[in-house]
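Chain by chain, the residues run as shown.
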Amino acid sequence: MPLGQRQGDKSESRYCGVESGFEPDMPRLLTRSLSSGFDFLLAPLVDPSYRPSSAGAAGTESFALPVAASDLILSPSQWSSHVVGKVSAWIDLDSDDEQLRMDSEITLKQEIAWASHLSLQACVLPPPKSASCGNYARCVNQILQGLSNMQLWLRIPLEKTEPMDEESKVADHGGRAIDTWEWWNSFRLLCEHHTQLCVALDILSSLPSLYSLGRWFGEPVRAAILITDSFMTNARGYPCLSKRHQRLVSEFFDHSVQIVISGECRHNISQEVSNDNMHDSDNENYFEGAIYKHPLRPYLDYVAYLYQKLDPIPEQERFEVGYRDFLQSPLQPLMDNLEAQTYETFEKDTVKYSQYQRAVSKALLDRVPDETASTTTTVLMVVGAGRGPLVRASLQAAEETGRKLKVYAVEKNPNAVITLHSLIKLEGWESLVTIVSSDMRCWNAPEKADILVSELLGSFGDNELSPECLDGAQRFLKPDGISIPSSYTSFIQPITASKLYNDVKTYKDIAHFETAYVVKLHRVARLAPPQPVFTFAHPNFSPKIDNQRYKKLQFQMPSDTGSALVHGFAGYFDAVLYKDVHLGIEPSTATPNMFSWFPIYFPLRKPIHVPVQSPLEVQFWRCCGPTKVWYEWCVTLPSPSPIHNSSGRSYWVGL
């Protein structure tokens, strides 16, 4: 049964599994686990004592693999929904012992073939013995080429020790640091980031640093196996987790990672109390007639308690769930006319327009003193008016401040202009608003404006050509006029994003790796704080306006992170609308509850491995041509990447 109800959560993390040893009576084992409230079973499919070399009849026609159960014992849906296979832990495909290596390869292929025959959704592979796992990865990669839908979860202990720790010297027999993320990274690189290769993390009693843990949220972690040794005991004698473990489990819940309980029961809880709880008919995990009490049930109860403690998913996040880690092409509002549905989505962002209203109110108060408020009319031009939300915000600001306003609404999309006319008539604004159906760069204004208002910002600030548009429009702004926004800055930060990398890779061409995407980032690891890239200010009265830009940045990851793999860069913006009124999505200063912009993602054709304490040097260009604007980017340290999108060959924004 699910761990509980959480409003808006339909992810796999609602379901908890239990790990068991080899059991010839699979139906009995599964019934006991399900009747105790677990949702699925992680179990070996083949007798662990089996070795091909010692199975005398292995080469004969009568030989049968010593499996836990026939495929007929359970229905196909039971196998698929309630069993995750576990490959024998003894296999070692990188062993120096040739017989062991050959036995391991044969067994691995036999067990995966059997799991695939059972239509299991996933099968867990034992952890590599070290980062040097070439033969193991080669065999798994061969298997992956022939798999249809089943995922392979590589089991990795969540461990990172430092060279100076006495504990690590004992563990590694030589004082070398252990970072099991390196094991995973080596393995997935050897398997070319295969989409069906995922991770099952063993959660131990001690956890690595916060930054080291953060790397895993950009990886395809499907299960977190909570070892009972990692639980503490509370005052009543029941299992509980440390605060750090609790936070980690909560993060796993938010990232659709399923929890699996594993190990021996370490807590001596009276059977009477447990049975009373078990047979409570109000308990959603109660099964009529169930008399078996699973020894790991108290651990399941605690995990369910942690899940039920989570806050409901906010309404905005529930709206955004479908967009998580989904690649979208950025809008091209100059080249393309937006559709009604796009306008409607943006117009629902009340936070954005309330910020614009605040900015216009402050500008009006600064522009017109109270003494002349009744006699002075301020000319305000909304350039890129769309279907009128900024017109409404500006008129509301005028009403709020008691200022008189004359509005020009300039819009190039003829379809949006039709809606604008209807809005003006409906609201009775005919005497206040003049609609202009024209591109702002071509329009000859009949008078100069006091205030110029626009919402041309993209996810990267300038990526929807706000600089070019406002430079063209500022000719009808008074010399002392005000532009809203007055400035904006783009930011980037390096990220690990396995899913995004794989999604781009499916296109099998360079062009998609040289394209920027708008993405609601979720399964990503942010490896270093964002840094500013390009800044634009308006109005720009420079004698020679040049909107080309170049920036070289150097990122230093926290020293306790360990090494990392960079799949690309997340881009954000922060805009100053007017004085202290700002708007943006840069994480440290992001405007709360605003959904008009998701971050932008700049991929790398080949992921860059950044060793411990090595700087990451990145170079970004904003280039301008007669008909288009584009970005180019590359990494120069610790190893050089190709320059992406040279001359705008793959991705550009049309003027």
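What you are looking at is a predicted structure, and each value in this text was computed from that prediction instead of being measured.

Q: Would you take a moment to explain the packing of helix α8 (residues 243-254) against helix α10 (residues 297-309) for this structure?
A: To describe two helices that pack against each other, one gives the angle between their axes and the distance between the axes. At a closest axis distance of 10 Å, the pairing of α8 and α10 adopts a crossing angle of 70°. By the criterion of interaxial angle, the relationship of α8 to α10 is roughly perpendicular. As α8 packs across α10, the resulting crossing turns out to be right-handed. In this structure, α8 uses Gln 246, Val 249 and Phe 253 to contact α10, whose residues at the interface are Tyr 302, Val 303, Leu 306, Tyr 307 and Lys 309.

Q: I'm lost on the pairing of strand β14 (residues 449-453) in this one. Help?
A: The two faces of a sheet get side chains in turn, since along a regular strand they alternate between them. Counting buried positions over the five residues of β14 gives five, a clear majority of the element. When β14 meets strand β15 (residues 477-484), the two strands line up parallel, connected through four bridges. When the bridges of β15 are listed, Ala 449 appears paired with Leu 477.

Q: Explain the layout of surface pockets to me, please; I cannot follow it from the model alone.
A: If you add up the space inside the second largest pocket, you get close to 1000 Å³. For the lining of the second largest pocket, the secondary-structure elements that each account for two or more residues are α12 (340-347), α13 (350-367) and β12 (404-411). Here the lining of the second largest pocket gets six residues from one element, more than from any other, and that element is α12. Classifying every residue of the lining of the second largest pocket gives 21 nonpolar, twelve polar and ten charged.

Q: Sorry, what's going on with the packing of aromatic side chains here?
A: By the definition in use, this model includes 24 aromatic pairs. Ring plane angle 50° and centroid distance 5.8 Å describe the contact between Tyr 408 and Trp 443, whose orientation is recorded as tilted. With Tyr 408 in strand β12 and Trp 443 in the loop between β13 (433-437) and β14, the pair connects residues that are 35 residues apart, well separated along the chain. The residues Tyr 408 and Trp 443 share a single accessibility class, namely buried. For the ring pair Phe 602 and Trp 633, a centre distance of 5.0 Å and an interplane angle of 70° mean the geometry is edge-to-face. Highlighted residues: Phe 602 in strand β23 (residues 600-610) and Trp 633 in strand β25 (residues 628-637), separated in sequence by 31 residues. Linked through ring pairs, Phe 460, Phe 534, Phe 569, Phe 602, Phe 620, Tyr 631 and Trp 633 together constitute an aromatic cluster. Sitting over the ring of Trp 652, Lys 628 keeps its end group 5.2 Å from the ring centre.

Q: Teacher, can you tell me more about the UniProt feature "binding site: S-adenosyl-L-methionine" (unreviewed entry) in the protein chain here?
A: The positions UniProt marks with the feature "binding site: S-adenosyl-L-methionine" (unreviewed entry) are Tyr 343, Lys 352, Tyr 353, Glu 411, Asp 439 and Met 440. The greatest C-alpha distance among the residues just named is 23.7 Å, and with 98 residues of sequence between them they are spread in space as well. In this structure, the second largest pocket is lined, among the annotated residues mentioned, by Tyr 343, Lys 352, Tyr 353, Glu 411, Asp 439 and Met 440. By secondary structure assignment, the location of Glu 411 is in strand β12. Look at Glu 411 and you get buried, because its relative accessible area is 7%. Residues within four places of Glu 411 in sequence aside, it is in contact with Tyr 343, Gly 384, Ala 385, Gly 386, Ala 416, Val 417, Leu 420, Val 436, Ser 437 and Ser 438. Here Gly 386 takes part through its backbone nitrogen, which lies 2.7 Å from a polar atom of the side chain of Glu 411. Within the fold, Met 440 resides in the loop between β13 and β14. Its relative accessible area of 8% is what places Met 440 among the buried residues. In this view, Met 440 contacts Val 383, Gly 384, Val 410, Leu 456, Cys 469, Gly 472, Ala 473, Arg 475 and Phe 476; residues no more than four positions away in its chain are not counted.

Q: Would you explain empty space enclosed by the protein in this entry?
A: By rolling a water-sized probe across the atoms, one finds the places where empty space is left. Within the structure shown, the criterion is met by two cavities of 30 Å³ or more. By volume, the largest cavity is sized at about 60 Å³. Residues that form the lining of the largest cavity fall into these classes: six nonpolar, no polar and three charged. Within this model, the second largest cavity holds a volume of roughly 40 Å³. Contributing to the lining of the second largest cavity are Met 557, Pro 558, Ser 559, Thr 561, Gly 562, Pro 611, Val 612, Gln 613 and Ser 614. Grouping the amino acids of the lining of the second largest cavity by side-chain chemistry returns four nonpolar, five polar and no charged.

Calculation notes
Residues numbered from 1 in each chain as written. Predicted model: local features only at pLDDT ≥ 70, side-chain atom pairs only at ≥ 80, totals over all residues. Heavy atoms only, no water. Axes fitted to C-alpha atoms, helices over the stretch in contact; angles between N-to-C directions. Helix = DSSP H or I, 4+ residues; strand = E, 2+ residues; numbered from the N terminus. Parallel < 35°, antiparallel > 145°, perpendicular 65-115°, else oblique. Left-handed = near helix turned anticlockwise from the far one by under 90°. Contact = heavy atoms within 4.5 Å. Buried < 20%, exposed > 50% of the residue type's maximum accessible area, 1.4 Å probe, protein only. Pairing = 2+ DSSP bridges. 1 Å grid on protein atoms, 1.4 Å probe; cavity = no way out; pocket = protein on both sides within 12 Å on 5 of 7 lines; lining within 4 Å. Points joined across faces, edges and corners; volume = space filled by probe spheres on them. Nonpolar A, V, L, I, M, F, W, Y, C, P; charged D, E, K, R; others polar. Phe/Tyr/Trp six-rings, centres within 6.5 Å; stacked < 30°, edge-to-face > 60°. Lys NZ or Arg CZ within 6 Å of the ring centre and 35° of its normal. UniProt positions renumbered as here; feature names shortened; annotations may be inferred. Polar contact = N/O pair within 3.5 Å; in protein donor to acceptor, adjacent residues only side chain to side chain.

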